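Topology and contacts: notes
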Amino acid sequence: MSHRPVGVRIAGRTVNNLRYADDTTLMAGKKEQLKFIIRKLKTESEKAGMYFNIKKTKIMTTESWRSFEVDGEEIEVVADFSFLGALVECEGRCEKEIRRSFFRYIEHWFFRRHK
(Lines give C-alpha, C1' and ligand atoms only; values in the text may rest on other atoms or scores of the structure.)
Protein backbone atom coordinates (compact mmCIF):
# COMPACT_ATOMS: atom_id res chain seq x y z
CA MET A 1 0.00 0.00 0.00
CA SER A 2 1.48 3.35 -1.02
CA HIS A 3 1.45 6.40 1.23
CA ARG A 4 -0.54 9.28 -0.29
CA PRO A 5 0.21 12.83 0.88
CA VAL A 6 -2.44 14.47 3.09
CA GLY A 7 -3.94 17.75 1.87
CA VAL A 8 -5.82 19.09 -1.12
CA ARG A 9 -4.88 18.84 -4.79
CA ILE A 10 -4.07 22.17 -6.44
CA ALA A 11 -2.66 22.22 -9.99
CA GLY A 12 -1.65 18.57 -9.71
CA ARG A 13 0.20 18.97 -6.39
CA THR A 14 -0.93 18.08 -2.88
CA VAL A 15 -0.84 21.14 -0.61
CA ASN A 16 -1.59 21.02 3.11
CA ASN A 17 -0.39 24.42 4.34
CA LEU A 18 0.13 28.06 3.40
CA ARG A 19 2.51 30.08 5.53
CA TYR A 20 3.19 33.78 5.81
CA ALA A 21 5.22 35.30 8.66
CA ASP A 22 3.76 33.72 11.82
CA ASP A 23 0.46 32.65 10.23
CA THR A 24 -0.21 29.15 8.95
CA THR A 25 -3.27 27.93 7.07
CA LEU A 26 -3.75 24.16 7.05
CA MET A 27 -5.76 22.40 4.34
CA ALA A 28 -7.24 18.91 4.16
CA GLY A 29 -9.98 17.11 2.30
CA LYS A 30 -11.39 15.28 5.32
CA LYS A 31 -11.82 15.90 9.04
CA GLU A 32 -9.46 13.08 10.05
CA GLN A 33 -6.78 14.38 7.68
CA LEU A 34 -7.01 17.84 9.26
CA LYS A 35 -6.69 16.31 12.74
CA PHE A 36 -3.59 14.43 11.55
CA ILE A 37 -2.02 17.64 10.16
CA ILE A 38 -2.79 19.59 13.36
CA ARG A 39 -1.24 16.85 15.53
CA LYS A 40 1.83 16.76 13.27
CA LEU A 41 2.22 20.55 13.38
CA LYS A 42 1.88 20.55 17.17
CA THR A 43 4.47 17.75 17.57
CA GLU A 44 6.98 19.29 15.17
CA SER A 45 6.56 22.75 16.74
CA GLU A 46 7.31 21.33 20.17
CA LYS A 47 10.43 19.58 18.83
CA ALA A 48 11.67 22.99 17.66
CA GLY A 49 10.88 24.57 21.05
CA MET A 50 7.83 26.46 19.78
CA TYR A 51 4.34 26.49 21.24
CA PHE A 52 1.28 25.79 19.07
CA ASN A 53 -1.53 27.89 20.55
CA ILE A 54 -4.69 25.85 19.99
CA LYS A 55 -6.77 28.65 21.59
CA LYS A 56 -5.88 31.00 18.70
CA THR A 57 -6.65 28.31 16.12
CA LYS A 58 -9.82 28.51 14.01
CA ILE A 59 -11.41 26.02 11.61
CA MET A 60 -13.21 27.09 8.44
CA THR A 61 -14.83 24.51 6.20
CA THR A 62 -17.30 24.20 3.37
CA GLU A 63 -18.83 21.27 5.27
CA SER A 64 -21.48 21.71 7.98
CA TRP A 65 -19.27 21.04 11.00
CA ARG A 66 -20.70 22.50 14.19
CA SER A 67 -17.66 21.58 16.27
CA PHE A 68 -14.13 20.32 15.87
CA GLU A 69 -11.98 18.62 18.48
CA VAL A 70 -8.40 17.36 18.52
CA ASP A 71 -7.15 15.28 21.45
CA GLY A 72 -9.88 16.59 23.75
CA GLU A 73 -9.34 20.25 22.84
CA GLU A 74 -12.18 22.13 21.15
CA ILE A 75 -11.28 24.34 18.17
CA GLU A 76 -13.69 27.09 17.13
CA VAL A 77 -15.43 26.62 13.75
CA VAL A 78 -15.89 29.95 11.92
CA ALA A 79 -17.73 31.09 8.76
CA ASP A 80 -15.00 33.58 7.74
CA PHE A 81 -11.58 34.84 8.75
CA SER A 82 -9.03 37.46 7.77
CA PHE A 83 -6.03 36.16 5.82
CA LEU A 84 -3.30 38.62 4.80
CA GLY A 85 -5.75 41.47 5.32
CA ALA A 86 -8.53 39.99 3.15
CA LEU A 87 -11.75 38.48 4.45
CA VAL A 88 -12.13 34.84 3.33
CA GLU A 89 -15.63 33.30 3.51
CA CYS A 90 -16.39 29.58 3.70
CA GLU A 91 -18.95 29.77 0.87
CA GLY A 92 -16.33 31.26 -1.44
CA ARG A 93 -18.22 34.54 -1.78
CA CYS A 94 -16.58 37.93 -1.40
CA GLU A 95 -19.44 40.38 -0.69
CA LYS A 96 -18.23 41.08 2.86
CA GLU A 97 -14.69 41.79 1.63
CA ILE A 98 -15.96 44.10 -1.13
CA ARG A 99 -18.11 46.01 1.38
CA ARG A 100 -15.27 46.19 3.88
CA SER A 101 -12.80 47.48 1.25
CA PHE A 102 -15.31 49.97 -0.14
CA PHE A 103 -16.07 51.51 3.25
CA ARG A 104 -12.36 51.61 4.10
CA TYR A 105 -11.75 53.53 0.86
CA ILE A 106 -14.67 55.94 1.52
CA GLU A 107 -13.47 56.55 5.08
CA HIS A 108 -9.90 57.21 3.89
CA TRP A 109 -11.11 59.52 1.09
CA PHE A 110 -13.49 61.45 3.40
CA PHE A 111 -10.98 62.04 6.19
CA ARG A 112 -8.18 62.92 3.79
CA ARG A 113 -10.38 65.45 2.03
CA HIS A 114 -11.73 67.06 5.22
CA LYS A 115 -8.51 67.61 7.16
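Heads up: the structure comes first, above all this text.
Below or above, wherever it landed, is the structure these notes cover. Remember, predicted model here, so these are calculated numbers, not experimental data.

Observations concerning the environment of D71
Among the structural elements, D71 can be located in the loop between strand 6 (68-70) and strand 7 (73-78). Note on D71: relative accessible area 54%, which makes it exposed.

Brief notes about the side chain of S45
Mapped onto the fold, S45 is located in helix 1 (residues 31-47). At a separation of 2.7 Å, a polar atom in the side chain of S45 contacts the main-chain carbonyl oxygen of L41.

A closer look at the sheet that holds strand 6
Read from one edge of the open sheet, three strands run 5-7-6, paired in mixed fashion. Across the chains shown, the open sheet's two edge strands, defined by having one partner strand only, are strand 5 (58-60) and strand 6. Strand-to-strand, the axes of this sheet are offset by a mean angle of 40 degrees, without reference to chain direction. Where strand 6 lies against strand 7, three bridges are found, and the strand directions are antiparallel. In the sheet register, V70 faces strand 7, and the bridge partner there is E73.

Some points on unusual backbone geometry
Positive phi is not limited to glycine here, since A11 has a value of about 55 degrees. With respect to the helices and strands, the residue A11 is situated in the loop between strand 1 (8-10) and strand 2 (13-15). One non-glycine residue with positive phi stands out, namely D71, at about 50 degrees.

Description of the pairing of strand 8 (residues 80-83)
Sheet topology note: the strand 8/strand 9 (residues 86-89) ladder contains four bridges and is antiparallel. By the bridge assignment, F81 is partnered in strand 9 with V88. Between strand 8 and the antiparallel strand that follows it, strand 9, lie two residues; L84 among them carries a positive phi value of about 55 degrees.

Topic: a nonpolar patch on the surface
A cluster of nonpolar side chains, contributed by F102, F103, Y105, I106, W109, F110 and F111, occupies part of the molecular surface with about 760 Å² of accessible area. The exposed category is assigned to Y105, whose relative accessible area is 52%.

What about the packing of aromatic side chains?
This structure, assessed with the given rule, holds one aromatic pair. Relative to F68, the ring of W65 lies with its centre 5.5 Å away and its plane at 20 degrees, an arrangement referred to as stacked. Accessibility classification places W65 together with F68 in one group, the buried group. Just above the ring of W65 sits the side chain of K31; from NZ or CZ to the centre is 5.0 Å. A cation sits over an aromatic face here: K35 above F68, 5.8 Å from the ring centre.

A closer look at the nonpolar core
In terms of nonpolar packing, the biggest core is built from nine residues, these being L34, I38, F52, I54, I59, W65, F68, V70 and I75. For this core, the secondary-structure elements that each account for two or more residues are helix 1 and strand 6. Excluding anything up to four places from it in sequence, I75 contacts I38, I54, T57, K58, I59, F68 and V70.

Rules used in this analysis
Residues numbered from 1 in each chain as written. Predicted model: local features only at pLDDT ≥ 70, side-chain atom pairs only at ≥ 80, totals over all residues. Heavy atoms only, no water. Helix = DSSP H or I, 4+ residues; strand = E, 2+ residues; numbered from the N terminus. Buried < 20%, exposed > 50% of the residue type's maximum accessible area, 1.4 Å probe, protein only. Polar contact = N/O pair within 3.5 Å; in protein donor to acceptor, adjacent residues only side chain to side chain. Pairing = 2+ DSSP bridges. Axes fitted to C-alpha atoms, helices over the stretch in contact; angles between N-to-C directions. Patch = residues over 30% accessible without salt bridge, like charges linked within 9 Å, V, L, I, M, F, W, Y side chains within 5 Å. Areas by Shrake-Rupley, 256 points an atom, 1.4 Å probe, with all protein chains shown as cover. Salt bridge = Lys/Arg side-chain N within 4 Å of Asp/Glu carboxyl O. Phe/Tyr/Trp six-rings, centres within 6.5 Å; stacked < 30°, edge-to-face > 60°. Lys NZ or Arg CZ within 6 Å of the ring centre and 35° of its normal. Core = buried A, V, L, I, M, F, W, Y, C linked by side-chain atoms within 4.5 Å. Contact = heavy atoms within 4.5 Å.

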